[in-house]
Amino acid sequence: MPVLSRILITGLVAGSIAGLAITVLQLATLVPLLHQAELYEASFGANETLSMHDNILQDQNQAGVFGKSLLTLLSNGMTGIGFGLVIAAGMSLLGRTRAWHGLLWGVGGFLAWSLLPAIGVPPALPGMEQAPLLERQSWFLVTALFSSAGLLILVLLRPLWLKPLGLILLAMPHIYGAPVAPAAQSGIPLELSEQFLMASLSTSAAFWLLLGIIASSVFRTLVRNPQADMVCEAS
């Protein structure tokens with residue numbers, strides 16, 4: 001089977017399964033916390049920010065729970081497939097497809113795209129004061145990209161003199177500083193926001209670890225399965 005076909009199949013299978021799994025976890029853990037936050041938000045009092053958010057919530061409620069769940073599933077599936085393709089391409093390039101290699105890819109993805117960005121821009125519930133959306137998204141993306149490059153340098157590149165560069169890339173976004181939220185009182189209890197933060201990071205960790213392990217398993221199966229080559233050649 002051509003290498004490109006292996007990468008595509010691996011990304012599609014691993015990403016779809018991981019996306020479905022993370023959707024189930026989110027519906028079971030994050031959605032109840034979001035509903036609680038909406039209740040606190042509604043009882044805390046109306047201001048311009050909360051009123052705008054209430055309008056958004058009303059529009060979403062009109063779409064129905066099934067519609068929102070379907071959109072979440074599609075979004076998670078597309079995200080999983082995209083990152084699954086990246087992991088499959090990396091395993092193909094490096095020739096390392098064992099289960100623990102996939103686990104390492106998952107750990108790296110979680111660190112770069114979830115944990116390290118969450119240090120500056122943690123997951124937050126509706127109604128909590130946050131920095132402007134564009135600033136948060138920009139800092140998150142830059143941090144994730146810098147963290148990915150830094151981890152790749154630390155793990156894959158052998159020359160020791162390059163290792164400090166990886167550490168510098170990991171630290172640069174945090175030295176620059178994340179966007180700061182305005183100081184304002186929120187009706188969301190601290191315990192609820194902490195639960196949401198831990199649940200968000202936990203589901204993200206499950207997503208990345210599952211994605212890495214499944215990707216390595218599927219890719220390794222395609223490499224070892226001669227029938228897959230026959231089917232590909234026949235098509």
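Predicted, not measured: the structure shown is a model, and the values here were computed from it.

What counts, and where the lines are drawn
Residues numbered from 1 in each chain as written. Predicted model: local features only at pLDDT ≥ 70, side-chain atom pairs only at ≥ 80, totals over all residues. Heavy atoms only, no water. 1 Å grid on protein atoms, 1.4 Å probe; cavity = no way out; pocket = protein on both sides within 12 Å on 5 of 7 lines; lining within 4 Å. Points joined across faces, edges and corners; volume = space filled by probe spheres on them. Helix = DSSP H or I, 4+ residues; strand = E, 2+ residues; numbered from the N terminus. Nonpolar A, V, L, I, M, F, W, Y, C, P; charged D, E, K, R; others polar. Expected span 1.5 Å × (residues − 1). Bend = angle between axes of the 7 residues up to and from the residue. Buried < 20%, exposed > 50% of the residue type's maximum accessible area, 1.4 Å probe, protein only. Core = buried A, V, L, I, M, F, W, Y, C linked by side-chain atoms within 4.5 Å. Contact = heavy atoms within 4.5 Å. Phe/Tyr/Trp six-rings, centres within 6.5 Å; stacked < 30°, edge-to-face > 60°. Patch = residues over 30% accessible without salt bridge, like charges linked within 9 Å, V, L, I, M, F, W, Y side chains within 5 Å. Areas by Shrake-Rupley, 256 points an atom, 1.4 Å probe, with all protein chains shown as cover. Salt bridge = Lys/Arg side-chain N within 4 Å of Asp/Glu carboxyl O. Axes fitted to C-alpha atoms, helices over the stretch in contact; angles between N-to-C directions. Parallel < 35°, antiparallel > 145°, perpendicular 65-115°, else oblique. Left-handed = near helix turned anticlockwise from the far one by under 90°.

Empty space within the second largest pocket amounts to approximately 610 Å³. Around the second largest pocket, the lining is made up of 22 residues, and of these L104, W105, G108, L152 and L156 lie nearest the centre. Of all the secondary structure elements, the ones that give two or more residues to the lining of the second largest pocket are helix 3 (65-94), helix 4 (99-120) and helix 5 (133-156). No other element matches the 10 residues that helix 4 contributes to the lining of the second largest pocket. Grouping the amino acids of the lining of the second largest pocket by side-chain chemistry returns 16 nonpolar, four polar and two charged.

What follows deals with helix 6 (residues 163-176). Two residues of an α-helix separated by three or four positions point the same way, owing to the 3.6 residues in each turn. Over its 14 residues, helix 6 runs 20 Å from end to end, which matches the ideal 20 Å to within 8%, given 1.5 Å per residue. At L170, helix 6 is bent by approximately 30°, the largest bend along its length, and proline P173 sits one to four residues beyond. Listed as buried for helix 6 are K163, G166, L169, L170 and P173. Looking one or two residues beyond helix 6, the residue adopting positive phi is G177, at roughly 105°.

The next thing to look at is the nonpolar core. Ranked by internal contacts, the top residues of the largest apolar core, which has 18 residues, are I87, F207, W208 and L211. Of all the elements in the fold, those that place two or more residues in this core are helix 1 (3-44), helix 3 and helix 7 (190-224). Top element by residues in this core is helix 7. It accounts for nine residues. Not counting chain neighbours up to four residues away, the residues in contact with I87 comprise W105, W208, L211, G212 and A215.

Attention shifts here to the packing of aromatic side chains. A ring pair, where both rings are aromatic, is described by two values, the distance of the centres and the angle of the planes. Scanning the entire structure with this criterion turns up three aromatic pairs. Between F83 and W113 the ring centres are 5.2 Å apart and the planes differ by 65°, which places this aromatic pair in the edge-to-face class. Linking F83 in helix 3 with W113 in helix 4, this pair joins segments that are 30 residues apart in sequence. You can call W113 partly exposed: its relative accessible area is 22%. Both rings, one in F207 and one in W208, keep their centres 5.5 Å apart while their planes meet at 75°; by these two values the pair is edge-to-face. With respect to burial, F207 and W208 carry one shared label: buried. Ring pairs connect the aromatic residues F83, W113, F207 and W208, which therefore count as one cluster.

Within the secondary structure, S147 sits in helix 5. Overall, S147 belongs to the buried group, its relative accessible area being 0%. Among residues more than four places away in sequence, those in contact with S147 are A112, L116 and L170.

Taken together, the side chains of L20, V24, F66, L70, L71, L73 and L74 define a hydrophobic patch exposed on the protein surface, amounting to about 690 Å² of accessible area. At the level of secondary structure, the elements contributing two or more residues to the nonpolar patch comprise helix 1 and helix 3. Tallying contributions element by element places helix 3 first for the nonpolar patch, with five residues. Within the secondary structure layout, L71 lies in helix 3. With a relative accessible area of 58%, L71 lands in the exposed category.

This part covers the packing of helix 4 against helix 7. Here helix 4 crosses helix 7 at 150°, and the two axes come no closer than 7 Å. By the angle between their directions, the pair helix 4 and helix 7 is classed as roughly antiparallel. In this structure, helix 4 meets helix 7 at a crossing whose hand is right-handed. Judged by residue contacts, A99, G102, L103, G106, V107, G109, F110, W113, S114, L115 and A118 of helix 4 engage L201, S204, A205, W208, L209, G212, I213, S216 and R220 from helix 7. Residue composition of the contact of helix 4 with helix 7, by class: 12 nonpolar, seven polar and one charged.

Looking at the secondary structure, you find S217 in helix 7. Once the C-alpha coordinates of S217 and A99 are considered, the two residues, 118 residues apart in sequence, prove to be 6.4 Å apart.

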